[in-house]
Amino acid sequence: MNKYMVENKMKRWQKSYSPAVSLISVAVLLLIWEGICRAGVVSSLFLPPPTLIISALIDMIQDGEIGVSLAASLYRILLGFFLGSAFGLLVGLVTGTSVLADRMANPIVNALYPIPKIALLPPFHPLAGHR
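Here the residue numbering is sequential within each chain, running from 1 through the sequence in written order. Given that this is a predicted model, residues contribute local features only at a pLDDT of at least 70 and side-chain atom pairs are listed and counted only at 80 or more, while totals for whole chains, interfaces and linings are drawn from all residues. Values shown for side chains rest on all heavy atoms present in the structure; no hydrogens or waters enter the calculation.

### With respect to a nonpolar patch on the surface
Cut-off, in case you're wondering: Patches draw on residues past 30% relative accessible area with no salt bridge. Two like charges within 9 Å are joined, as are two nonpolar side chains (Val, Leu, Ile, Met, Phe, Trp, Tyr) within 5 Å. Each accessible area is a Shrake-Rupley estimate made with a 1.4 Å probe; only the visible protein chains count as cover when residues are assessed. Between Lys or Arg on one side and Asp or Glu on the other, a salt bridge is scored when a side-chain nitrogen of the former is within 4 Å of a carboxyl oxygen of the latter. Only runs of H or I of at least four residues qualify as helices and only runs of E of at least two qualify as strands under DSSP, and these elements are numbered from the N terminus.
The grouping of Ile-24, Val-28, Ile-32, Ile-36 and Val-41 at the surface amounts to a nonpolar patch, some 440 Å² of accessible area in total. Considering the arrangement of structural elements, one finds Ile-36 in helix H1 (residues 19–38).

### Looking at the packing of helix H2 (residues 50–63) against helix H3 (residues 65–97)
Worth spelling out the cut-off: Lines fitted to C-alpha atoms define the axes, with helix axes restricted to the stretch in contact, and inter-axis angles between N-to-C directions lie between 0 and 180 degrees. Here roughly perpendicular refers to angles of 65 to 115 degrees, roughly parallel to angles under 35, roughly antiparallel to angles over 145, and oblique to all remaining angles. Contact criterion: two residues are considered in contact whenever any of their non-hydrogen atoms come within 4.5 Å of each other. Just so you know the grouping, Ala, Val, Leu, Ile, Met, Phe, Trp, Tyr, Cys and Pro go in nonpolar, Asp, Glu, Lys and Arg go in charged, and all remaining residues, Gly too, go in polar.
Packing of H2 against H3 brings their axes to within 5 Å, and their N-to-C directions diverge by 90 degrees. Judged on the interaxial angle alone, H3 and H2 are roughly perpendicular. Contact residues: H2 offers Leu-57, Met-60, Ile-61 and Asp-63, while H3 offers Glu-65, Ile-66 and Ser-69. Of the residues that constitute the contact of H2 with H3, the class distribution is four nonpolar, one polar and two charged.

### As for the side chain of Glu-34
Along the chain, Glu-34 turns up in helix H1. Discounting residues that sit within four places of it in the chain, Glu-34 has contacts with Pro-49, Pro-50 and Thr-51.

### A word on the packing of aromatic side chains
Heads up, the condition is: Any two rings among Phe, Tyr and Trp, with Trp reduced to its six-membered ring, count as a pair given centres within 6.5 Å; such a pair is stacked if its planes are under 30 degrees apart, edge-to-face if over 60, and tilted if neither. Comment: the charge-over-ring label is applied if NZ (Lys) or CZ (Arg) is within 6 Å of the ring centre and within 35 degrees of the ring normal.
Inspection of every chain in the model, using the stated rule, returns one aromatic pair. Directly above the aromatic system of Tyr-113 lies the positively charged group of Lys-117, at a separation of 5.2 Å from the ring centroid.

### Some details on the pattern of salt bridges
The condition that has to hold: Buried residues are those whose accessible area, probed at 1.4 Å on protein chains only, stays under 20% of the maximum for their type, while exposed residues exceed 50% and partly exposed ones sit between those limits.
As enumerated under the stated definition, the model contains one salt bridge in all. Between Glu-34 and Arg-38 there is a salt bridge whose closest N-O contact spans 2.7 Å. Of this pair, Glu-34 and Arg-38 are both found in helix H1, four residues apart, which corresponds to roughly one turn of the helix. Using a relative accessible area of 15% as the deciding quantity, one classes Glu-34 as buried. Overall, the relative accessible area of 57% leaves Arg-38 in the exposed class.

### Focus: helix H4 (residues 99–112)
For the record, the criterion: The span one expects for a helix is its residue count, reduced by one, times 1.5 Å. The angle separating two fitted axes, one through the seven residues that finish at a residue and one through the seven that start at it, defines the bend at that residue.
A rise of 1.5 Å per residue sets the reference length of H4, with its 14 residues, at 20 Å; its end C-alpha atoms lie 20 Å apart and thus fit the reference within 8%. Along H4, the sharpest kink reaches roughly 30 degrees, centred on Ala-105 and followed within four residues by the proline Pro-107. Of all the 14 residues making up H4, one are buried; the element is thus mostly uncovered.

So yeah, pure geometry; function would need other evidence.
Encoded structure:
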């Protein structure tokens, strides 16, 4: 054995499973989901069954609606990314070159840092409160 090779001493503890195990677990999950929805345990308004979701997807593909929806979503994602990137770059350049701007922005950044970013979405969403 090459003296620079690392020997795997955990081989007897590691198990190798067929990819079929993953496929079967997904199929079982989908069947349980379908059964819960069909039994009426959860309203289809909150958790539609997988068959209904697939049926709606097929309808949207046939109608061409999925392309329009995907294009609109992609436009919003890219617009948000570029606007956020431009704003972040501008703020970063200003705070990186100005001690005063850094001192002013630092408490705000430090206060917002521990908050999960998804929790900041409602106050900053452009349509918040307009629905």
